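Here are the chains, one letter per residue:
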Amino acid sequence: MNWFTRVRNSLTSLSKRSTDKDLWVKCPSCQQMVFAQEYQENAFVCPRCDHHGRIGADERLAQILDEGFEALPIPDVKEDPLKFRDTSKYTDRLKKARGKSPHKDAFLVGSGAIEGKPAVVGVQDFGFMGGSMGMAVGTAFCQGAERALTRHCPYIVVTAAGGARMQEGILSLMQMPKATVMTRRLKEAGLPYIVVLTDPTTGGVTASYAMLGDVHLAEPGALIGFAGQRVIQDTIREQLPDGFQRAEYLHKHGMVDMVVHRHDLRDTLATLIDYLAPSAEAA
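The rules behind these values
Residues numbered from 1 in each chain as written. Predicted model: local features only at pLDDT ≥ 70, side-chain atom pairs only at ≥ 80, totals over all residues. Heavy atoms only, no water. UniProt positions renumbered as here; feature names shortened; annotations may be inferred. Buried < 20%, exposed > 50% of the residue type's maximum accessible area, 1.4 Å probe, protein only. Helix = DSSP H or I, 4+ residues; strand = E, 2+ residues; numbered from the N terminus. Pairing = 2+ DSSP bridges. Contact = heavy atoms within 4.5 Å.

Labelled according to an unreviewed UniProt entry, the protein chain appears under the name Acetyl-coenzyme A carboxylase carboxyl transferase subunit beta, originating from Qipengyuania gaetbuli. Of the protein chain, the UniProt comment under Function (unreviewed entry) reads exactly: "Component of the acetyl coenzyme A carboxylase (ACC) complex. Biotin carboxylase (BC) catalyzes the carboxylation of biotin on its carrier protein (BCCP) and then the CO(2) group is transferred by the transcarboxylase to acetyl-CoA to form malonyl-CoA." The record held by UniProt for the protein chain lists under Subcellular location (unreviewed entry) the comment "Cytoplasm".

S.K.: Describe the pairing of strand S7 (residues 193–201), with residues and values.
M.R.: For S7, a buried count of 9 out of 9 residues is recorded, marking the element as mostly surrounded by other parts of the structure. As paired elements, strand S6 (residues 155–161) and S7 share 6 bridges and run parallel to each other. Bridge pairing in S7 links Thr 159 to Leu 197. By the bridge criterion, 4 bridges tie S7 to strand S8 (residues 215–218) in an arrangement that is parallel. Considered in S8, the bridge of Val 195 is made with His 216.

S.K.: Can you tell me about the environment of Met 129, naming the residues and giving the values?
M.R.: For Met 129, the position within the fold is in the loop between strand S5 (117–124) and helix H5 (135–151). A sequence separation of 124 residues divides Met 129 from His 253, and the C-alpha atoms of the two residues are 31 Å apart. In contact with Met 129, not counting residues within four places along its chain, are Tyr 90, Arg 93, Leu 94, Ala 97, Arg 165 and Gln 167.

Okay, structure coming up:
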């Protein structure tokens, strides 16, 4: 071993080979290793089992909107209004989340078109603190609705969240009625409000704007619900059916209008806009 070490150290002209740690992705459903580039080119859907993986806000907007869309800046809100601390400070948690994300919070709005049809799309990013709904998310949601009202076009929201952000307490919960008011304004203006439910959509988000759409789409296998299955099961003292709170189960029982594969989502949204959007003459 000493001889080997001496020889290796003497070869200073040879550079150390680096291996990209993100070259492969392990599918959380089938546990198969998938080439990262293949996974990305397949819209982050596993080519082996068709599992729909979670994706960021930028990738989602790029998949849905035509090229050249405008990304609205995330609005500034008062941070850490309650001076909250659990095992660490809320400000430290925000700093850590922002270190992993190109955006400063969990909701991004894009204003553009889908197959040439004007639309505003809001996307929730589960990768940022579980997509939790705080004041920044609520304000960004309302900003997107305002842009749709100004442009007189449909508002499409892609949800993915663990619920309200506990570090903001009652201020987080107040985003629920705040967003509900904006969906009402869209309805009064005759503008379609379409919701795309992705994995997972739970808690206060489900209890507010995620279930107030004119049309509800869902990606295959998405977890959609308010309380967790274990909480429900322990409360009602009954075994829940297979597939409970999954997109297909909710579609079967009338809570979701369509379960749409990610590859077909853009075309489906364009068709819905054709049906639902107000005509240019009416505008």
